[in-house]
Amino acid sequence: MLFAHDTECSLIAVAALVNTAGQGDEGLPDVEALSAFFTAHAYTGRHEHTETELRAVRALRPRLRRIWYADVDEIVSIVNGLLREHRALPQLITHDDEPYHLHAVPRDAPLATRMAVEAAMAISDVVRGGELRRLRTCEYPDCDNVLVDLSKNRSRRFCEAGCGNRAAVNAYRARKAAARS
C-alpha cells in the first residue's frame, strides 16, 4: 500500500467524482445517482438526499479537477483553501468497525464539505509524499477522465471507463490488419 487505506479510498473517490463531470452525459444527473455514488465510495455520515446537496457536490468538481492540471504551488493553494474554507481540524477517529483514520470535519457536516475536506487531506498526502505524478489523465484519445495511479510500478495509463479495453481492442485490430497487409 502506497498511502494509508483511507487516503487511497479518498483519492479513488475524488477521481471518480471529478469524472462524473467529464465529456458526455452528466455522471450525477439526480439525487439517486449521488446516493449511489455515496454508497459506492463508502462515505459515511450525513446525507440529505436533496437537490441542494447535489448542486453543492457538483459545484465542487471543477475545483477538484484543477488539481490534475496544476503545478505543485497551485495544488497546495487549492488544498489549503479547501481546508481553511471548511475549518478542517484533523482528528483520529474510529467508526463502523474501521481502524483509526483521520476526519477533519464532523460526520454531520454537509456532504460536499466532507468530500472537499477528504479530497484535500488525501491530496495533501500525495504532495507530502512527492507523488504528484500519480495524478494523471487518461491516455485514451478523446477521453478527459482523470485517474490515480496506485500501481507499484506507476504504469496505469487508462481510466475506469473502459478505455484500457478499447485501447487493447484497437491495438489487436491494428496488429491483425498489419498482418493481413
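Throughout this description, residue numbers start from 1 for each chain and increase along the sequence as written. Given that this is a predicted model, residues contribute local features only at a pLDDT of at least 70 and side-chain atom pairs are listed and counted only at 80 or more, while totals for whole chains, interfaces and linings are drawn from all residues. Each side-chain value is worked out from all heavy atoms of the structure, with water and hydrogens disregarded.

Undergrad: Requested: an account of the overall build of the protein, with residues and values cited.
TA: A run of DSSP states H or I qualifies as a helix once it reaches four residues; a run of E qualifies as a strand once it reaches two. Both are numbered from the N-terminal end. Secondary structure assignment for the protein yields six helices and four strands. The secondary structure elements of the protein, listed N-terminal to C-terminal, are α-α-α-α-β-β-α-β-β-α. Along the three orthogonal principal directions, the C-alpha set of the protein runs to about 65 × 35 × 35 Å. The burial tally for the protein puts 40% of its 181 residues in the buried class. At a minimum sequence separation of 6, the contacts of the protein that also span at least 24 residues come to 52%. Using a 1.4 Å probe, the Shrake-Rupley method yields the accessible areas, and only the shown protein chains count as cover for residues. When the accessible area of the protein is evaluated, it comes to approximately 10,300 Å², of which 52% is carbon and sulfur surface. This count recognises Lys and Arg as positive and Asp and Glu as negative, with His and chain-terminal groups excluded. Every charge is mapped to an atom, namely NZ of Lys, CZ of Arg, CG of Asp or CD of Glu. Computing the positive centroid from 24 side-chain charges and the negative centroid from 25, the protein places the two 8 Å apart. Categorising residues by exposure relies on relative accessible area from a 1.4 Å probe, with only protein chains included: less than 20% of the type maximum marks a residue as buried, more than 50% marks it as exposed, and the intermediate range marks it as partly exposed. Contacts are assigned to residue pairs with any non-hydrogen atoms lying within 4.5 Å of each other.

Undergrad: Tell me about unusual backbone geometry, and please be specific about residues and values.
TA: The phi torsion at arginine 87 lies on the positive side, around 50°, for a residue other than glycine. One can find arginine 87 in the loop between helix H4 (72-85) and strand S1 (91-93). One non-glycine residue, aspartate 96, adopts positive backbone phi at about 50°. Examined against the element boundaries, aspartate 96 turns out to sit in the loop between S1 and strand S2 (101-103).

Undergrad: Give me the packing of aromatic side chains: which residues, what numbers.
TA: Any Phe, Tyr or Trp ring, taking Trp's six-membered ring, that has another such ring centre within 6.5 Å forms a pair; planes under 30 degrees apart are called stacked, those over 60 apart edge-to-face, and the others tilted. In total, this model carries two aromatic pairs according to the counting rule given. A centroid spacing of 6.4 Å and a plane angle of 25° characterise the contact between phenylalanine 37 and tyrosine 43, whose relative ring orientation is stacked. Each of the two residues, phenylalanine 37 as well as tyrosine 43, counts as buried. Three or more aromatic residues joined by ring pairs make a cluster, and in this case those are Phe37, Phe38 and Tyr43. The rule is short: NZ of Lys or CZ of Arg within 6 Å of the ring centre and within 35 degrees of the ring normal puts a charge over the ring. When the ring centre of tyrosine 140 is taken as reference, the NZ or CZ atom of arginine 166 above it lies at 5.5 Å.

Undergrad: Please provide a residue-by-residue account of the layout of surface pockets, values included.
TA: Of the volumes computed, that of the largest pocket is approximately 680 Å³. Note on definitions: the grid is 1 Å and covers protein atoms alone; a cavity is a set of points where a 1.4 Å probe fits but cannot get out; a pocket is an open set with protein on both sides within 12 Å along at least five of seven lines; lining residues have an atom within 4 Å of a point. If you trace the largest pocket, you find 27 residues lining it, with Asp6, Cys9, Ser10, His101 and Glu118 closest to the centre. Put simply, the parts of the chain that give the lining of the largest pocket at least two residues each are helix H1 (5-19), S2 and helix H5 (111-128). Tallying contributions element by element places H1 first for the lining of the largest pocket, with seven residues. Residues are sorted three ways: Asp, Glu, Lys and Arg are charged, Ala, Val, Leu, Ile, Met, Phe, Trp, Tyr, Cys and Pro are nonpolar, and all the rest, Gly among them, are polar. Looking at side-chain class alone, the lining of the largest pocket contains 13 nonpolar, nine polar and five charged residues. Grid points are joined across faces, edges and corners, and a volume is the space filled by probe spheres set on the points. The volume enclosed by the second largest pocket comes to roughly 230 Å³. The wall of the second largest pocket is formed by 16 residues, among which Ile12, Ala15, Ala16, Asn19 and Glu160 lie closest to the centre. Sorting the residues of the lining of the second largest pocket by element identifies H1 and strand S4 (146-148) as the ones contributing at least two each. Ranked by residues supplied to the lining of the second largest pocket, first place goes to H1 with five residues. When grouped by side-chain class, the residues that make up the lining of the second largest pocket number ten nonpolar, four polar and two charged.

Undergrad: Just give me the short version of the packing of helix H2 (residues 31-40) against H5, but keep the residues and values in it.
TA: Here the axes come from fitting lines to C-alpha atoms, over the contacting stretch only for helices, and the angles between their N-to-C directions go from 0 to 180 degrees. One can describe the packing of H2 onto H5 by two numbers: an axis separation of 13 Å at closest approach and a directional angle of 40°. The angle between the axes of H2 and H5 places the two elements in the oblique class. Crossing of H2 against H5: the hand is left-handed. Contacts from Leu34, Phe37 and Phe38 of H2 reach H5 at Leu111, Arg114 and Met115. For the contact of H2 with H5, a count of residues per class yields five nonpolar, no polar and one charged. For classification purposes, an angle smaller than 35 degrees is called roughly parallel, one larger than 145 roughly antiparallel, one from 65 to 115 roughly perpendicular, and anything else oblique. Crossings are sorted by hand: turned counterclockwise from the far helix by less than a right angle, the near helix makes the crossing left-handed, and turned clockwise it makes it right-handed.

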